[in-house]
Amino acid sequence: MKGILFALAAVLSFGAHAQQRNFDAVTIKSTKVAEGVYMLEGEGGNIGVSVGDDGVFLIDDQFAPLTQKIVDAVKAITDKPVRFLINTHYHGDHTGGNENLGKAGVVIIAHDNVYKRLAAGGVIKLLKQNNPPAPRAALPIVTFNDTATMHYNGDEVTAHKIPPAHTDGDVFVQFKKANVVHAGDVFAAYRYPFIDVESGGSVKGIIRAMDILLKMLDDNTKVIPGHGPLSTRKDVLEYRKMMTTVGGRVEKLVAAGKTLEQVVAAKPLREFDEEWGKLRKTDAFVELVYYSYAPKKLK
Ligand SMILES: [Zn+2]
């Protein structure tokens, strides 16, 4: 493990997003979710952590400059090494630490489409991002097309591929015994989500995915959202309600031939804005919903 930590320190400065943003002030908050399962919040997507006799595996890894802080937060929980990492999807705020962890010998696991999109790189117009192809160390070693199950730390942890929702490579990671699901960015708690229309995402896909997710949940299940606070079934229902409301309204406006400006002016999220407009501003979110129903208009 010492070797891994020294290796991490040496590669920290090479992350793809390291130059644009300053992460010095970010602290990593650690929350116990269930026996052997933790959630880490810093900047970027929420991280799931499995700890136990077998070691540590992570679900998502935020941004490259935060890797050492994330590893330090794990060390505060356990002295076991990080051995595996699952990516819930390919976005940089969930995979930014891949290169550091991969170079340190952590085995990265993800859906086939996560591998493809990381390896190819590409433009996300809706975020004004041009992502270069990921270096070899950042790419998953193990990929799967449907489900992958880890028999680890006394639990069965299954990554379930779902039909395109936030992207075309989304998984829900379900801890059977601990009764925890990491839902990735398909579910954001009381925050308007990003919808990666250019990578297969859509409002309809997200609503369909919420129905899949709800079947995995009982009243005691803890849900780690891609962004936002630790959640339960009730919060997932609130999110589904927000998405079906805005989706239904915008779909009608698009079908009536309204322009993006007209759809934004119609304020299709009026009763949700105060509670949900914390991360992504309303107009930016309405734009995503609009393009979800009118993808051909996206130039
Ligand atoms: Zn995302």
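Scroll up to find the structure this text is about.
All figures in this text were calculated on a predicted structure; none of them were measured in a lab.

## Some remarks on the side chain of Asp 60
Phase 1: With respect to the helices and strands, Asp 60 occurs in the loop between β4 (55-59) and α2 (67-75).
Phase 2: Of the buried charged residues, Asp 60 lacks a salt bridge, with Arg 280 as the closest side chain of opposite charge at 14 Å.
Phase 3: At a separation of 2.6 Å, a polar atom in the side chain of Asp 60 contacts the side chain of Thr 88.
Phase 4: Setting aside anything within four residues of it in sequence, one finds Asp 60 in contact with Asn 46, Ile 47, Leu 85, Ile 86, Asn 87, Thr 88, His 94 and His 182.

## Quick word on the side chain of Asp 196
Phase 1: The residue Asp 196 is located in the loop between β13 (180-182) and α6 (203-216) in this model.
Phase 2: Despite being buried, Asp 196 has no salt bridge partner; Arg 117 is the closest side chain of opposite charge, sitting 6.4 Å away.
Phase 3: Polar side-chain contacts of Asp 196 include one of 2.7 Å to the side chain of His 91.
Phase 4: Leave out the neighbours within four places in its chain, and Asp 196 touches Tyr 90, His 91, Ile 124, His 166, Thr 167 and Gly 201.

## Concerning unusual backbone geometry
Phase 1: Phi angles above zero are rare outside glycine, and Asp 60 is one such case at about 70°.
Phase 2: When its relative accessible area of 0% is taken as the criterion, Asp 60 is described as buried.
Phase 3: Unlike most non-glycine residues, Lys 267 shows phi in positive territory, near 50°.

## Brief notes about the sheet that holds strand β11 (residues 155-161)
Phase 1: The strand order across the open sheet formed by five strands is β10-β11-β12-β13-β14, and the pairing between neighbours is mixed. Bordering the open sheet on either side are β10 (147-152) and β14 (222-224), each of which pairs with just one other strand. Shown here is a sheet whose adjacent strand axes are inclined to one another by a mean of 15°, direction ignored.
Phase 2: Against the sheet, α6 touches β11, β12 (171-175) and β13, its axis set at about 5° to β12.

## Concerning the coordination of the zinc ion
Phase 1: With distances of 2.2 Å, the protein atoms coordinating the zinc ion are His 89 (NE2), His 91 (ND1), His 166 (NE2) and Asp 185 (OD).
Phase 2: The buried category is assigned to His 166, whose relative accessible area is 0%.

Conventions adopted
Residues numbered from 1 in each chain as written. Predicted model: local features only at pLDDT ≥ 70, side-chain atom pairs only at ≥ 80, totals over all residues. Heavy atoms only, no water. Helix = DSSP H or I, 4+ residues; strand = E, 2+ residues; numbered from the N terminus. Buried < 20%, exposed > 50% of the residue type's maximum accessible area, 1.4 Å probe, protein only. Lys, Arg positive; Asp, Glu negative; His and termini not counted. Salt bridge = Lys/Arg side-chain N within 4 Å of Asp/Glu carboxyl O. Polar contact = N/O pair within 3.5 Å; in protein donor to acceptor, adjacent residues only side chain to side chain. Contact = heavy atoms within 4.5 Å. Pairing = 2+ DSSP bridges. Axes fitted to C-alpha atoms, helices over the stretch in contact; angles between N-to-C directions. Donors = N, O, S within 2.8 Å, 3.2 Å for Na, K, Ca; no water.

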